[in-house]
Amino acid sequence: MAGHDNRPVTVEMVLDVICAASYIAFVRLERAVDRFRAEGGSVEVVFRPFQLAPDTEFGGKPLLEVLTGMFGDHVVAETEQAARDALNDGVTLDYHRAVAAGTFEAHRLVATAARQGLAEPMVARLFAAHFSDGLDIADPGTLAALADEVGVRPSEEGAAELRAELDRVRNLGVRSVPQVHISGISLPGTQLEVTYSQALAKAAGKQAVRQGHRTVLD
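Presented here is an overview of the structure given in this document. (Residues numbered from 1 in each chain as written. Predicted model: local features only at pLDDT ≥ 70, side-chain atom pairs only at ≥ 80, totals over all residues. Heavy atoms only, no water.)

With that out of the way, let us pick up the pattern of salt bridges. All chains considered together, the criterion is met by 10 salt bridges. With a shortest N-O distance of 4.0 Å, Asp89 and Arg31 are connected by a salt bridge. Here Asp89 is found in the loop between helix 3 (74-86) and helix 4 (104-115), whereas its partner Arg31 is found in helix 1 (residues 20-38), with 58 residues between them in sequence. Several salt bridges converge on common partners, so that one network encompasses Glu12, Arg48, Glu165 and Arg168. (Salt bridge = Lys/Arg side-chain N within 4 Å of Asp/Glu carboxyl O. Helix = DSSP H or I, 4+ residues; strand = E, 2+ residues; numbered from the N terminus.)

Next up, the structure:
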């Protein structure tokens with residue numbers, strides 16, 4: 001790809017940080033974004049919240065125990081297969097260590113991090129904490145420690161705004177995650193890394209054309 005418009009391409013990702021599919025999509029998207037930035041492109045990544053289990057209290061129960069209670073014993077084999085598949089993306093899904101957790105406060109932390117320009121590393125750390133480290137990301141102490149790792153200054157603000165944003169996302173018709181939108185290009189579900197790269201290139205090309213530049217796309 002030759003040449004980039006200097007305006008950032010806007011990427012919106014609707015996710016939940018206890019969603020394995022969101023984790024895989026996030027990793028692939030971030031790799032595409034990193035490569036796009038390395039080539040001189042500018043990207044603004046915005047995260048929109050979604051809760052797979054709103055208003056549910058898990059009390060730190062093991063995730064597999066909760067999942068088998070909800071869906072049956074077959075879920076164990078399914079999670080094991082998902083974990084094997086995730087290794088292809090360098091992602092560890094350790095369902096045997098993972099702790100079931102509500103995500104309202106985790107989403108509030110992401111919003112706090114976004115105001116400080118640290119949303120992307122904060123989301124990455126929350127995913128790894130839940131799926132790889134066996135941490136309870138609903139626990140305030142755990143969230144405080146994770147924020148400190150990333151360099152995010154904690155805040156008590158944002159609860160009302162988060163509730164409004166969760167409602168807004170639901171009212172838009174979102175019923176599953178992940179959902180990625182790149183400058184108007186909708187990419188539902190978990191897409192290949194190359195698909196995200198192509199969408200970024202296409203979005204950058206459209207912006208350049210609007211400003212009267214010529215962009216050559218691979």
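Now that the structure has been shown, the text picks up again.
Turning our eyes to something else, we now look at the sheet that holds strand 4 (residues 185-188). Ordered in space as 2-1-3-4, the four strands form an open sheet in which the pairing is mixed. Strands at the two margins of the open sheet, each flanked by one partner only, are strand 2 (43-49) and strand 4. The average undirected angle you get between the axes of adjacent strands in this sheet is 15°. Where strand 1 (residues 9-15) lies against strand 3 (residues 179-182), four bridges are found, and the strand directions are antiparallel. Within strand 3, the residue paired with Val11 across the bridge is Ile182. (Pairing = 2+ DSSP bridges. Axes fitted to C-alpha atoms, helices over the stretch in contact; angles between N-to-C directions.)

Our focus in this paragraph is the environment of Leu67. Along the chain, Leu67 falls in helix 2 (residues 63-71). Put simply, Leu67 and Arg115 are 48 residues apart on the chain and 34 Å apart in space, counted from C-alpha to C-alpha.

Each aromatic ring pair is summarised here by two numbers: the centre-to-centre distance and the angle between the ring planes. Counted by the stated rule, this structure contains five aromatic pairs. On the basis of an interplanar angle of 50° and a centroid distance of 6.0 Å, the ring pair of Phe26 and Phe47 is categorised as tilted. Taken as a pair, Phe26 in helix 1 and Phe47 in strand 2 lie far apart in primary sequence, 21 residues in all. Like Phe26, the residue Phe47 is buried in the burial classification. Considering the side-chain rings of Phe26 and Phe127, the 5.6 Å spacing of their centres and the 40° angle between planes classify their relative orientation as tilted. Of this pair, Phe26 sits in helix 1 while Phe127 is found in helix 5 (residues 119-131), placing the two residues 101 residues apart along the sequence. Taken together through their ring pairs, the aromatic side chains of Tyr23, Phe26, Phe47, Tyr95, Phe127 and Phe131 make up a single cluster. (Phe/Tyr/Trp six-rings, centres within 6.5 Å; stacked < 30°, edge-to-face > 60°. Buried < 20%, exposed > 50% of the residue type's maximum accessible area, 1.4 Å probe, protein only.)

Once that is clear, we can look at the environment of Ala100. Mapped onto the secondary structure, Ala100 falls in the loop between helix 3 and helix 4. As for Ala100 and Phe47, which are separated by 53 residues in sequence, their C-alpha atoms are 22 Å apart. Setting aside residues up to four positions removed in sequence, Ala100 forms contacts with Phe58, Gly60, Lys61, Pro62, Leu63, Val66 and Asp136. (Contact = heavy atoms within 4.5 Å.)

Once that is clear, we can look at the packing of helix 2 against helix 3. The contact between helix 2 and helix 3 brings their axes to 8 Å, and the two run at 125°. Classed by the angle they form, the pair helix 2 and helix 3 counts as oblique. Packed against helix 2, whose contacting residues are Leu64, Leu67, Thr68 and Phe71, the element helix 3 presents His74, Val75, Val76 and Thr79 at the interface. Looking at the contact of helix 2 with helix 3 residue by residue, the class counts come to five nonpolar, three polar and no charged. (Parallel < 35°, antiparallel > 145°, perpendicular 65-115°, else oblique. Nonpolar A, V, L, I, M, F, W, Y, C, P; charged D, E, K, R; others polar.)

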